[in-house]
Amino acid sequence: MADIAAPSSMSARADHRSSLHKLMQRKSTIAFLMALPLILLILILVAYPAGYAIYLSTLNKSMTKFVGFGNFEFLFKRATFWDIVFQSCLFAITAVIFKAIIGFMVAHFVHNIPSKGQRKWRGMLLVPWVIPPAMSTLAWLWLFDPSYSAFNWIFHQFGLGSISWLGETGWARFSVILVNIWAGAPFFMIMYLAALKSVPEQLYEAASIDGATWWQRIWYVTLPMMRNIIAITALFSTIVTFANFDIVRVLTAGGPLTSTHLFATWAFKIGIESGDIPLGATVSLFMVPILAVGAAFILRDISKRGSEV
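Residues numbered from 1 in each chain as written. Predicted model: local features only at pLDDT ≥ 70, side-chain atom pairs only at ≥ 80, totals over all residues. Heavy atoms only, no water.

A word on the overall build of the chain. Along its length, the chain carries 15 helices and zero strands. Every one of the 309 residues in the chain was classed for burial, and the buried ones make up 35%. Expressed as a percentage of contacts within the chain between residues at least 6 apart in sequence, the contacts between residues at least 24 apart total 66%. (Helix = DSSP H or I, 4+ residues; strand = E, 2+ residues; numbered from the N terminus. Buried < 20%, exposed > 50% of the residue type's maximum accessible area, 1.4 Å probe, protein only. Contact = heavy atoms within 4.5 Å.)

This is how it looks when you write it as structure tokens:
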């Protein structure tokens, strides 16, 4: 009996090794193993903080008592919270639209430059995006300074009055949006430039033969070919812009009063400066459903077009 059992056990081990060998040869297994470090990094740096933030949002200010949705109910009753929602949406939507338009125009400008000069222009135009935001925002803070503003000095040369760039609600909102556009438009430019170079020249030639104007070539050839890149770039920029912290923090610190606060800066003010960490975590969580809805629409549109091709 022992002699019979030994070959059977050896056969089972051989089958196990064979199945393991086949599993390791699958592309999906290799892809998973190669992505495993990144998955672990995401779990550590994203999933755990997100889960801990959800846990904190269910506690009271002293973090000693479970209050459930009490923090959310408290925020819903505050007019300031709805001002923050409006300002965050205004900031993100306006900035992304102008970044997309400016990036598209500049990408076309660079794309039509001879190849020898493109590298120089790409390098210069990427400078605002490469510089650390806090550092570049300090330069803008000097430009908006109430006493020594370079913009106001130029206005004085033309006999115009000074503008309180960061002291009035309208101008303060304009200023933070302007700086965000300046810093983020180069990202759109480089993404669109890469997409433009992937559009076959034969399509433009065929459109020209058919008598299409410059605008018709843009509308019927360029935009359809770049549609997925435009959507993905806009989605990524919307997420980053919604979560923007440094520009508002350096320029206005949310002022005047709370007229330029965004989700990130108000969460910092409530959670860190005011010492109410659970309420600050609750504020930061409100970005998630807003961005999730936008991402769902954009990604569904992309997948729908992909299935049609």
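Let's pick the thread back up.
Once that is clear, we can look at the packing of helix α10 (residues 201-209) against helix α11 (residues 214-242). Close contact between α10 and α11 brings their axes to 10 Å; oriented N to C, the two are set at 160°. Taken together, the axis directions place α10 and α11 in an arrangement best described as roughly antiparallel. The way α10 lies across α11 gives a crossing that is right-handed. Residues Leu203, Tyr204, Ala207 and Ser208 of α10 touch α11, and the partners they reach there are Arg217, Val221, Thr222 and Met225. For the contact of α10 with α11, the residue count by class is five nonpolar, two polar and one charged. (Axes fitted to C-alpha atoms, helices over the stretch in contact; angles between N-to-C directions. Parallel < 35°, antiparallel > 145°, perpendicular 65-115°, else oblique. Left-handed = near helix turned anticlockwise from the far one by under 90°. Nonpolar A, V, L, I, M, F, W, Y, C, P; charged D, E, K, R; others polar.)

What follows is about the packing of helix α2 (residues 27-56) against helix α14 (residues 277-285). One can describe the packing of α2 onto α14 by two numbers: an axis separation of 8 Å at closest approach and a directional angle of 120°. Looking at the two axes, α2 sits oblique to α14. As for the relative orientation of α2 and α14, their crossing is left-handed in sense. Counted together, Ala53, Ile54 and Leu56 of α2 and Ile277, Pro278, Ala281 and Leu285 of α14 form the full contact between these two elements. Here the contact of α2 with α14 is composed, by residue class, of seven nonpolar, no polar and no charged.

Scanning the entire structure with this criterion turns up 28 aromatic pairs. Between the aromatic rings of Phe76 and Phe81, the centroid separation amounts to 6.1 Å while the plane-to-plane angle is 70°, which identifies the pairing as edge-to-face. Phe81 gets classed as buried once you look at its relative accessible area, which sits at 1%. Pairwise contacts between aromatic rings join Trp140, Phe144, Phe151, Phe155, Trp165, Trp171, Phe174 and Trp182 into one cluster. (Phe/Tyr/Trp six-rings, centres within 6.5 Å; stacked < 30°, edge-to-face > 60°.)

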